[in-house]
Amino acid sequence: MKIKRNVSLAKHTTYKIGGLADYFVDIKDLEDLKQALKFADDNSLPIFILAGGSNVLFSDDGYRGLVIKINNKELKINGEEIIAEAGVLMNDAVSKSIENNLAGLEWAGGLPGTIGGAIRGNAGCFGSEIKNIVKEVTVATNNGEIKLYKNKDCQFGYRDSIFKHNGEIIMSATFELQLGNKESLKKVVFDHIKYRQQRYRLPSCGSVFKNCFLKDGSVLSAGALIEACGLIGKTIGGAMITKEHANIIHNFNNAKAADVLDLMNLIKENVEKKFGIKLEEEVQLII
Ligand SMILES: Cc1cc2nc3c(=O)[nH]c(=O)nc-3n(C[C@H](O)[C@H](O)[C@H](O)COP(=O)(O)OP(=O)(O)OC[C@H]3O[C@@H](n4cnc5c(N)ncnc54)[C@H](O)[C@@H]3O)c2cc1C
């Protein structure tokens, strides 16, 4: 384990935005994590847990502390279960499940980021969420102790889990899948990837805002609200609200974090004024 100095966060995020982290470390196992936590404690540094960097917006001023990148990547199949370390890319887990004729993960074809990031935010798309297949999750507390959570204890909700609130570090998870047909699973994944390529421009962080759940149980898509405000194509600096998907802010030309934030504020003001709805961020702001 090597603690590096002055590492560009832009290089570790799908937004390609972010200044330098004072300290940065890749951790490959629990021992590395414990050493990193001790280093932060000894030097009174705040820590930030980073994984695929596909749901974060860092400040252009960087991060005054230790960024811990989760890079444990073991992936095993046990019958109809997949046991994946938190740093495994979702796409690798999807491929492995299909190779083994296992169904249940195909909705995540093309989903950026890692297992750990997806569990923390209960990632979802195409009508599924990761909570539907999680059996159990292993975490490390911030003093490096290991704890096991069963699915029912993870408090999964829309883009939410207990791990968003308790600061514990997800180390691995077991997923329960079912036997499926490799060829039809491949086709579903291929279609999802194609759909994403047409709708999600990169560099970006995917959806910036959460959808809105109304009291009567109906759901309003944040994208539809933004579109109805006539904001499609709006640019500030190097950031743009995309025409393919109004809930995506694309870094089309060396955008600053401030450009993205200004567009986010413009969206929030317009949506609140027109619909009386306060949009809530899905992207994690480290500003
Ligand atoms: C083009 C594009 C399309 C997207 N489409 C979707 C979509 O359809 N559905 C969807 O839900 N999301 C989508 N996203 C958002 C993103 O892919 C997910 O939120 C993803 O699960 C984030 O994982 P990550 O590993 O990149 O996490 P990061 O961005 O690295 O981190 C996100 C948050 O999780 C925390 N975190 C990460 N790993 C751990 C860990 N091991 N333990 C504790 N905390 C951790 C971080 O501290 C941070 O607060 C999209 C993003 C992009 C760029």
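Residues numbered from 1 in each chain as written. Predicted model: local features only at pLDDT ≥ 70, side-chain atom pairs only at ≥ 80, totals over all residues. Heavy atoms only, no water.

**Considerations on the domain arrangement of the chain**
What the domain assignment lists for the chain is domain 1 (4-70), domain 2 (75-199) and domain 3 (212-286). Here domain 1 and domain 3 have C-alpha centroids that lie 27 Å from each other. Residue-level contacts link 11 residues of domain 1 with 13 residues of domain 3. Approximately 1,000 Å² of surface area, both sides summed, lies buried where domain 1 meets domain 3, with 61% of it carried by carbon and sulfur atoms. (Domains from an automatic or database assignment. Contact = heavy atoms within 4.5 Å. Buried area = accessible area lost by both parts, 1.4 Å probe.)

**Side note on helix H7 (residues 257-275)**
Given 3.6 residues per turn, any residue in an α-helix points the same way as the ones three and four places further on. An ideal rise of 1.5 Å per residue puts 27 Å on 19 residues; H7 measures up with 27 Å between its terminal C-alpha atoms. Among all positions of H7, only Ala257, Asp259, Val260, Leu261, Leu263, Met264, Ile267 and Val271 are buried. On its buried face, H7 sits against strand E4 (56-58), helix H6 (222-228), strand E17 (235-236), strand E18 (239-241), strand E19 (249-251) and strand E20 (284-286). Looking one or two places after H7, you find Gly276, whose phi comes out positive at around 70°. (Helix = DSSP H or I, 4+ residues; strand = E, 2+ residues; numbered from the N terminus. Expected span 1.5 Å × (residues − 1). Buried < 20%, exposed > 50% of the residue type's maximum accessible area, 1.4 Å probe, protein only.)

**Section: the packing of aromatic side chains**
With the rule as written, the count across this model stands at six aromatic pairs. Relative to Phe58, the ring of Phe48 has its centre 5.4 Å away and its plane inclined at 80°; by these criteria the two rings are edge-to-face. Note that Phe48 is positioned in strand E3 (residues 47-50) and Phe58 in strand E4, a separation of 10 residues in sequence. Note on accessibility: Phe48 and Phe58 belong to one class, buried. Through a chain of ring-to-ring contacts, the aromatic side chains of Phe48, Phe58 and Tyr63 assemble into a single cluster. If you follow Arg5 out to its NZ or CZ, it ends over the ring of Tyr23, 4.3 Å from the centre. Directly above the ring of Tyr200 sits Arg196, whose terminal nitrogen or CZ lies 5.2 Å from the centroid. (Phe/Tyr/Trp six-rings, centres within 6.5 Å; stacked < 30°, edge-to-face > 60°. Lys NZ or Arg CZ within 6 Å of the ring centre and 35° of its normal.)

**Brief notes about the side chain of Glu282**
If you trace the backbone, Glu282 turns up in the loop between H7 and E20. The exposure class of Glu282 is buried, given its relative accessible area of 14%. When neighbours within four sequence positions are excluded, Glu282 is seen to be in contact with Asn55, Tyr158, Arg159, Ser207, Val208, Phe209 and Lys210.

**What to know about the site of the ligand**
Neighbouring residues of the ligand: 35 residues in total, closest Ile49, Ser54, Asn55, Thr114 and Gly124. One of the backbone nitrogen or oxygen atoms of Ala51 is found 2.8 Å away from an oxygen atom of the ligand. One nitrogen or oxygen atom from the side chain of Arg120 is found 3.2 Å from an oxygen atom belonging to the ligand. Protein chains shield 95% of the accessible area of the ligand, which is 960 Å² for the free molecule. Listed by contribution, the elements that provide at least two residues to the shell around the ligand are E3, helix H3 (115-120), strand E9 (124-125) and strand E13 (169-176). With four residues, H3 is the single largest residue contributor to the shell around the ligand. (Near = heavy atom within 4 Å. Polar contact = N/O pair within 3.5 Å; in protein donor to acceptor, adjacent residues only side chain to side chain. Areas by Shrake-Rupley, 256 points an atom, 1.4 Å probe, with all protein chains shown as cover.)

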